[in-house]
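Here are the chains, one letter per residue:
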Amino acid sequence: MTTLTAVLEKLRKQHNDNEFTPKNDGFTTSNGKFYKPEDLTIIKSYRFEGVSDPGDSSVVYLIEANDGTIGYSMDAYGVYTTHNEDENYDELIKKVPVQEREEQAIFH
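Let me sum up the structure you'll find in this document. (Residues numbered from 1 in each chain as written. Predicted model: local features only at pLDDT ≥ 70, side-chain atom pairs only at ≥ 80, totals over all residues. Heavy atoms only, no water.)

## A closer look at the pattern of salt bridges
Now for step 1: As enumerated under the stated definition, the model contains five salt bridges in all.
Now for step 2: Here Asp25 makes a salt bridge to Lys36, at a shortest N to O gap of 2.9 Å. Placement of the pair is Asp25 in the loop between strand E2 (21-23) and strand E3 (26-28) and Lys36 in the loop between strand E4 (34-35) and strand E5 (40-48), with a sequence separation of 11 residues.
Now for step 3: Lys36 gets classed as partly exposed once you look at its relative accessible area, which sits at 32%.
Now for step 4: Among the salt bridges present, the one from Lys94 reaches Glu91, with a minimum N-O distance of 3.9 Å. Note that Lys94 and Glu91 are positioned in helix H2 (residues 89-95) at a spacing of three residues, about one turn of the helix.
Now for step 5: Lys94 sits in the exposed class, given a relative accessible area of 63%.
Now for step 6: Look at Glu91 and you get partly exposed, because its relative accessible area is 39%. (Salt bridge = Lys/Arg side-chain N within 4 Å of Asp/Glu carboxyl O. Helix = DSSP H or I, 4+ residues; strand = E, 2+ residues; numbered from the N terminus. Buried < 20%, exposed > 50% of the residue type's maximum accessible area, 1.4 Å probe, protein only.)

Structure below.
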C-alpha cells in the first residue's frame, strides 16, 4: 500500500481500526482493554516518508492481540514523535514481538 490513508481505510473496512495507545507499561484500545507488550504481536509495519517535509514521516504498526483484536499504533519518526516522553512509547513498542505477515493474510 502506498499511503497511510489506504492502510487505515482497509483496517476500517474490516472493523480492525482499533488504535493501540501507550498507557503506563502497556497499550490500551478504545474499548478500554489493556494489553502488556507480550500480549501483542506486530504483524506488519509500514513506513511513510513525506515528499517535501521530513515532519510528515511516520510509521504504522499493525498489531494483533492474543485475544484476536487487530489494530494499529502510529508514530512519527524520531524528534517528530507524537507521543509524550512520559508514555515511553519507543521502549514499549520495542518489547512487542514481531511476526511479519503478508498483506494478503491480513487484508482479506
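Don't stop here, the text continues.
## Quick word on unusual backbone geometry
Now for step 1: In this model, His15 sits at a positive phi of 60°, which is unusual for a non-glycine residue.
Now for step 2: Residue position: His15 is located in the loop between helix H1 (4-13) and strand E1 (18-19).

## Focus on the sheet that holds E4
Now for step 1: Read from one edge of the open sheet, three strands run E2-E3-E4, paired in antiparallel fashion. Bordering the open sheet on either side are E2 and E4, each of which pairs with just one other strand.
Now for step 2: One ladder, built from three bridges, connects E2 with E3; its direction is antiparallel. Its bridge partner lying in E3, Pro22 is registered against Phe27. (Pairing = 2+ DSSP bridges.)

## Re the side chain of Thr28
Now for step 1: Within the secondary structure layout, Thr28 lies in strand E3.
Now for step 2: By relative accessible area, which is 15% here, Thr28 ends up buried.
Now for step 3: Ignoring any residue separated from it by four or fewer positions in sequence, one finds Thr28 in contact with Glu19, Phe20, Thr21, Lys23, Lys33 and Phe34. (Contact = heavy atoms within 4.5 Å.)

## Side note on the nonpolar core
Now for step 1: Counting 13 residues, the largest nonpolar core has Phe20, Phe27, Leu40, Ile42, Tyr61, Ile63 and Ile93 as the members making the most contacts within it.
Now for step 2: Mapped onto this core, the elements with two or more residues apiece are E5, strand E6 (58-65) and H2.
Now for step 3: It is E6 that provides the largest number of residues to this core, a total of four residues.
Now for step 4: Excluding residues within four positions of it along the chain, Ile93 makes contact with Phe27, Ile42, Tyr61 and Ile63.
Now for step 5: By size, the runner-up hydrophobic cluster in this structure holds 10 residues, among which are Val7, Tyr46, Tyr72 and Phe107. (Core = buried A, V, L, I, M, F, W, Y, C linked by side-chain atoms within 4.5 Å.)

## Observations concerning the packing of aromatic side chains
Now for step 1: By the definition in use, this model includes three aromatic pairs.
Now for step 2: An angle of 15° between the planes, with centres 6.2 Å apart, marks the rings of Tyr46 and Phe48 as stacked. Here the two residues Tyr46 and Phe48 agree in accessibility, since each one is buried.
Now for step 3: It is Lys44 that lies over the ring of Tyr46; its NZ or CZ is 6.0 Å from the centre. (Phe/Tyr/Trp six-rings, centres within 6.5 Å; stacked < 30°, edge-to-face > 60°. Lys NZ or Arg CZ within 6 Å of the ring centre and 35° of its normal.)

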